[in-house]
Amino acid sequence: MNDLLEQVLGEKIDELKNKKLFRELTVLQSAQGPHVTINGRDVINLASNNYLGLATHPKIIDAAVRATKELGVGSGAVRTIAGTLQIHQELEEKLARFKQTEAALVFQSGFTCNMGVIEPLLSPEDVIISDELNHASIIDGIRLSKAARRIYPHSDMDALEKHLQECAGYRLRLIVTDGVFSMDGDIARLPEITELAEKYNAAVMVDDAHASGVLGRRGRGSVDHFNLHGRVDIQVGTLSKAIGVLGGYIAGSRKLINCLIHRGRPFLFSTSHPPGVTAANIAALEVMQEENLQEKLWENAAYFKKGLKQLGFNTGQSETPITPVIIGDGARAMAFSDALLEEGVFCTGIGYPTVPEDKSRVRTIVTAAHTREDLEQALEAFARVKEKLQV
Ligand SMILES: *Cc1c(COP(=O)(O)O)cnc(C)c1O
C-alpha cells in the first residue's frame, strides 16, 4: 500500500467528517417497495425513484426470469461486437414508439447516456448552453466535449436568450436541460426553450430521467407533456427510475442514433445489458401502456404535497412527485432525516454540494405504490419531527 495515497485519502475523509458530510450507506434488507426494512425495522420509503412501483411488479419479474433462463445472465460483449441480442433491438424499437421518435439507442445507464451523447456530436466550433441545475452526468458529459460552454441561471429564459445571441458566431448551439429537476421537482420551461431554440436556430437536448414514466400520456415524458413532438432534437431517458429496472436511452432522429452507434464511447466500449434486464425493460414499457399508473402517482403526490404545506413546510418550487422539504442548514437537514427514520419514515437528507448550503433539505418522492394510510402515517411523522426539532 502506498503511504502517500493512504494519507491523501485520510485527509479527504477527515474533511468530510469535519463538515459532517461523511455518511454510512443505508442498507435495505428487503425489496425496493413502498415499505422497506432498515436496521430490522419496517419503514415507509419516500427515498426511491421507483415512481410507479415497477421494481417489484410480478409481470416484469417473470419476464426477467424467463429471459435469463432462455438467454443466460450475461450478454458477453459490447453491442458493436457480439453483444446485440434481438431483445436489445426490440427494446429500442419500443422506446422509439414510446417517445414518438425515428429511433432510440440504449446505453448502460442514464449516466452513461449523458457521458456519451454530447462528445461525439459537438466540436470546438460549437457551443453548449446548459441550465445551472442540470444533473451531474450532464455536467460530466459537457466536460468531455471539446465544445465551448455557457451556463444560464436556473430556468432563466432571458439569460438563455442572451447566451443564444452572444453565441451567434458558433456553428451549432445546443441547449441542454433536465426535463424535471431532480432536487427541486420543478419542470423545465420547455415551450419557451423550444421557441427560443427555433428563433435562434439552436438544437435542444432534454434529459427526462425524472420525467419518463411520470409526465405525459402514460409517462411519455416532458416533450409529450407539453406536446412538443418533433421540436426537441435529443431526448435522454432512464430505465432505472420510473421504469423500475436499469439503463438509459437516447431517442431522436435516425441520423442521431447512427452517429452514436459509431461514436458513442460507452456504447462502443462497455458491455451491453444482460437479457434479464432488457426483457424486464420491455415488460415494464408494456405494463405502463396497460395500466394507468400515473393517475395514482399524481393523486398521491398531490395529497402528500398538500399535507406537507398544511404542516407549514417549505416545499420550494416542486410541481412533480419530487417534493423537497427545505430545512436550511445542512446539519439540521441530516438530523431531520435521522429523526424521521426513528419515526418510521425513510427519506434522505441532501446538503451541499448537491444543493446550496442554506437550502439543505430532505427530499421526498411518493410512488403509485403507496397507500393513503402510508402517506397519512408519513405526514404524522413529519409533524412529530417538526415539533421535536423546532423546525
Ligand atoms: C438519475 C439521473 C440520471 C442517471 O440515470 P441512471 O440511469 O440512474 O444512471 C441522469 N440524469 C438525470 C437528470 C437524473 O436524475
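Residues numbered from 1 in each chain as written. Predicted model: local features only at pLDDT ≥ 70, side-chain atom pairs only at ≥ 80, totals over all residues. Heavy atoms only, no water.

1. Observations regarding the side chain of Ser 145
Where we set the bar: Strands here mean DSSP runs of E at least two residues long; helices mean DSSP runs of H or I at least four residues long; both are numbered from the N terminus. Identification of polar contacts relies on pairs of N or O atoms within 3.5 Å, with a donor-acceptor requirement for protein atoms, meaning one able to donate a hydrogen and the other able to accept it, and with residues adjacent in sequence counted only if both atoms are side-chain atoms. It only takes one pair of heavy atoms within 4.5 Å for two residues to be counted as in contact.
Within the secondary structure, Ser 145 is located in the loop between α5 (136-144) and β5 (148-152). There is a polar contact of 2.9 Å between the side chain of Ser 145 and the backbone nitrogen of Ala 147. In contact with Ser 145, other than residues within four places in its own chain, are Ile 118, Glu 119, Leu 122 and Ile 128.

2. What to know about the packing of aromatic side chains
Going by this rule: Stacked, tilted and edge-to-face are the three classes applied to pairs of Phe, Tyr and Trp rings, where Trp contributes its six-membered ring and a pair requires centres within 6.5 Å; stacked means planes under 30 degrees apart, edge-to-face means over 60, and tilted covers the rest. Summary of the burial criterion: residues with accessible area below 20% of their type's maximum are buried, those above 50% are exposed, and those between are partly exposed, where the area comes from a 1.4 Å probe applied to protein chains only. Definition used: whenever NZ (Lys) or CZ (Arg) falls within 6 Å of the ring centre and also within 35 degrees of the ring normal, the charge is taken to sit over that ring.
Applying the stated criterion across every chain, the model contains five aromatic pairs. Between the aromatic rings of Phe 304 and Phe 382, the centroid separation amounts to 6.0 Å while the plane-to-plane angle is 75 degrees, which identifies the pairing as edge-to-face. Of this pair, Phe 304 sits in helix α12 (residues 293-310) while Phe 382 sits in helix α14 (residues 372-389); the two residues are 78 residues apart in sequence, bridging distant segments of the chain. Ring geometry for Phe 313 and Phe 336: centres 5.9 Å apart, planes at 85 degrees, overall edge-to-face. In this pair, Phe 313 sits in the loop between α12 and β10 (322-328) while Phe 336 sits in helix α13 (residues 330-342), placing the two residues 23 residues apart along the sequence. Across the pair, Phe 336 and Phe 313 agree in class, each one buried. Positioned above the aromatic ring of Phe 22, the side-chain terminus of Lys 17 is 4.8 Å from the ring centre. A cation over a ring is seen here: Arg 372 above Tyr 303, with NZ or CZ 3.9 Å from the ring centre.

3. Things to note about the site of the ligand
Basically, it comes down to this: Consider each residue's heavy atoms; a residue with any of them within 4 Å of a molecule or strand counts as near. Only Asp, Glu, Lys and Arg are considered charged, only Ala, Val, Leu, Ile, Met, Phe, Trp, Tyr, Cys and Pro nonpolar, and every remaining residue, Gly among them, polar.
The immediate surroundings of the ligand are formed by 15 residues, with Gly 110, Asp 207, Thr 238, Ser 240 and Lys 241 found nearest. In the environment of the ligand, an oxygen atom lies 2.6 Å from a nitrogen or oxygen atom belonging to the side chain of Thr 238. Side-chain polar atom of Ser 240 to an oxygen atom of the ligand: 2.7 Å apart, as the coordinates give it. Looking at the shell around the ligand, the element that brings in the most residues is helix α4 (residues 110-117), giving three residues. Class assignment for the residues of the shell around the ligand results in two nonpolar, ten polar and three charged.

4. Focus: the pattern of salt bridges
Cut-off, in case you're wondering: The working definition used for a salt bridge is a side-chain nitrogen of Lys or Arg within 4 Å of a carboxyl oxygen of Asp or Glu.
Taken as a whole and assessed by the stated rule, the structure comprises 18 salt bridges. Among the salt bridges present, the one from Asp 224 reaches Arg 217, with a minimum N-O distance of 2.5 Å. Given a relative accessible area of 7%, Asp 224 falls into the buried group. The partner of Arg 384 in a salt bridge is Glu 343, with the nearest N and O atoms 2.6 Å apart. Of this pair, Arg 384 sits in helix α14 while Glu 343 is found in the loop between α13 and β11 (345-346), placing the two residues 41 residues apart along the sequence. The class of Arg 384 is partly exposed, set by a relative accessible area of 41%. It is possible to trace a salt-bridge network through shared partners that takes in Glu 125, Asp 126 and Arg 171.

5. Thoughts on the sheet that holds strand β12 (residues 349-350)
As a reminder of what qualifies: Pairing between two strands is assigned when DSSP locates at least 2 bridges connecting them. Axis definition: a line fitted to C-alpha atoms, over the contacting stretch in the case of helices. Angles run 0 to 180 degrees between N-to-C directions.
In spatial order, the strands read β10-β13-β12; together these three strands make up an open sheet with antiparallel pairing. Edge positions in the open sheet fall to β10 and β12, since each of these has one partner strand only. Those strands touched by α12 are β10 and β13 (360-365), and its axis lies near 20 degrees from that of β10.

6. Observations concerning the sheet that holds strand β4 (residues 127-131)
Two modes of strand pairing occur in sheets, parallel and antiparallel, and in both the strands are linked by backbone hydrogen bonds. Strand order in the open sheet made by the seven strands is β3-β9-β8-β7-β6-β4-β5, with mixed pairing throughout. Each of the sheet's edge strands pairs with one partner strand only, and the pair in question is β3 (103-107) and β5. Within the sheet, the average angular offset between the axes of one strand and its neighbour, ignoring direction, is 20 degrees. Most of the contacts of α4 go to strand β8 (residues 234-238), to which it runs at about 155 degrees, and overall it touches β3, β7 (203-207), β8 and β9 (248-252).

7. Remarks on the nonpolar core
Just so we agree on the cut-off: Put simply, a nonpolar core is a bunch of buried Ala, Val, Leu, Ile, Met, Phe, Trp, Tyr and Cys residues held in one set by side-chain atoms that sit within 4.5 Å of each other.
Core analysis: the largest hydrophobic core is formed by 35 residues, its most contacted members being Tyr 51, Leu 52, Leu 54, Ile 60, Leu 91, Leu 95 and Leu 239. Secondary-structure elements contributing two or more residues to this core are α2 (58-71), α3 (86-99), β3, β9, α11 (275-290) and α12. Among residues more than four places away in sequence, those in contact with Tyr 51 are His 210, Val 214, Ala 242, Leu 297, Pro 321, Ile 322, Ile 365, Val 366, Thr 367 and Ala 368.

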